[in-house]
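This is what each chain is made of:
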Amino acid sequence: MTSIDQSRPFIACRIAVLAVSDTRTLAEDKSGDTLVQRLTDAGHTLAARHILRDDRAAISDQLRQWCATPEIDVILTTGGTGLTGRDVTVEAHRDVYEKEIDAFGTVFTHVSMAKIGTSAVQSRATGGVANGTYLFALPGSSGACKDAWDEILAYQLDYRHRPCNFVEIMPRLDEHKRRK
């Protein structure tokens, strides 16, 4: 069972949002708007926002740049997680990951099954960690972004969430790089 422990303080995360699309502009990015609205409503800070075409190298480069930015704790991408030839966001994420959060995709599939049934198998949502930064690749639909935020990320990015959450281990994500 999970719960919010009101005796613990809320710790705001600094979150970057990257939309991946060959057809949308930032002004037309409803999925990115959904994520920005939800993360700011929750009390987090929008650290950066950008849109890129479906280009694996460009996406990987942007992810690496943001992972190297101390003012960014979490990166959310939307789009490019499907099965078509131009869907390369998952591969770009995996080019950057030091560790993959395998259960994120599993839990996202479980959440999606309740909403869209077996069509959930067409998403390759993924999560990982690189350079002390969390990265999550979400589908390009605003409904999928709502589901990922409302059912998973809102809790895992809340320090008050019990029994555990991503925020409480954030200071230890890059402990292997520190001198002993």
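Residues numbered from 1 in each chain as written. Predicted model: local features only at pLDDT ≥ 70, side-chain atom pairs only at ≥ 80, totals over all residues. Heavy atoms only, no water.

Caption draft 1: Region of the structure containing the overall build of the protein. What the protein contains, in helices and strands, is six helices and eight strands. Going residue by residue from the N terminus, the α and β elements of the protein occur as β-β-α-β-α-β-α-β-α-β-β-α-β-α. Taken over C-alpha atoms, the radius of gyration comes to 15 Å for the protein, in line with the 16 Å a tight globule of 180 residues would show. The dimensions of the protein, computed from C-alpha atoms along their principal axes, are 45 × 40 × 30 Å. Put simply, the protein has 180 residues, and 47% of those count as buried. By sequence separation, contacts in the protein at least 24 residues apart represent 76% of the contacts at least 6 residues apart. Counting every atom, the protein has about 9,000 Å² of accessible surface; 51% of that belongs to carbon and sulfur. Within the protein, one finds 22 positive and 24 negative side-chain charges whose respective centroids are separated by 3 Å. (Helix = DSSP H or I, 4+ residues; strand = E, 2+ residues; numbered from the N terminus. Rg over C-alpha atoms; globule rule 2.2 N^0.38 Å. Buried < 20%, exposed > 50% of the residue type's maximum accessible area, 1.4 Å probe, protein only. Contact = heavy atoms within 4.5 Å. Areas by Shrake-Rupley, 256 points an atom, 1.4 Å probe, with all protein chains shown as cover. Lys, Arg positive; Asp, Glu negative; His and termini not counted. Charge placed at Lys NZ, Arg CZ, Asp CG, Glu CD.)

Caption draft 2: Spatial organisation of the sheet that holds strand β7 (residues 133-138). Pairing is mixed across the open sheet formed by six strands, whose spatial order is β3-β2-β4-β7-β6-β5. A strand with exactly one partner marks an edge of an open sheet, and here the two such strands are β3 (45-52) and β5 (99-100). Where strand β4 (residues 74-78) meets β7, five bridges bridge the pair, whose relative direction is parallel. In the sheet register, Ile 75 faces β7, and the bridge partner there is Leu 135. Sitting on the sheet, helix α3 (residues 89-96) touches β2 (14-20), β4, β5, β6 (126-130) and β7, and the angle it makes with β7 is about 165°. Where helix α4 (residues 102-116) meets the sheet, it contacts β5, β6 and β7, and its direction lies at approximately 35° from that of β7. (Pairing = 2+ DSSP bridges. Axes fitted to C-alpha atoms, helices over the stretch in contact; angles between N-to-C directions.)

Caption draft 3: Up close: the packing of helix α2 (residues 56-67) against α3. Closest axis-to-axis distance for the α2/α3 pair is 8 Å, and the angle between their directions is 45°. Judged on the interaxial angle alone, α3 and α2 are oblique. Crossing hand, α2 versus α3: right-handed. Residues Arg 56, Ile 59, Ser 60, Leu 63, Arg 64 and Cys 67 of α2 lie in contact with α3, whose contacting residues are Thr 89, Glu 91, Ala 92, His 93, Asp 95 and Val 96. Residue composition of the contact of α2 with α3, grouped by class: five nonpolar, three polar and four charged. (Parallel < 35°, antiparallel > 145°, perpendicular 65-115°, else oblique. Left-handed = near helix turned anticlockwise from the far one by under 90°. Nonpolar A, V, L, I, M, F, W, Y, C, P; charged D, E, K, R; others polar.)

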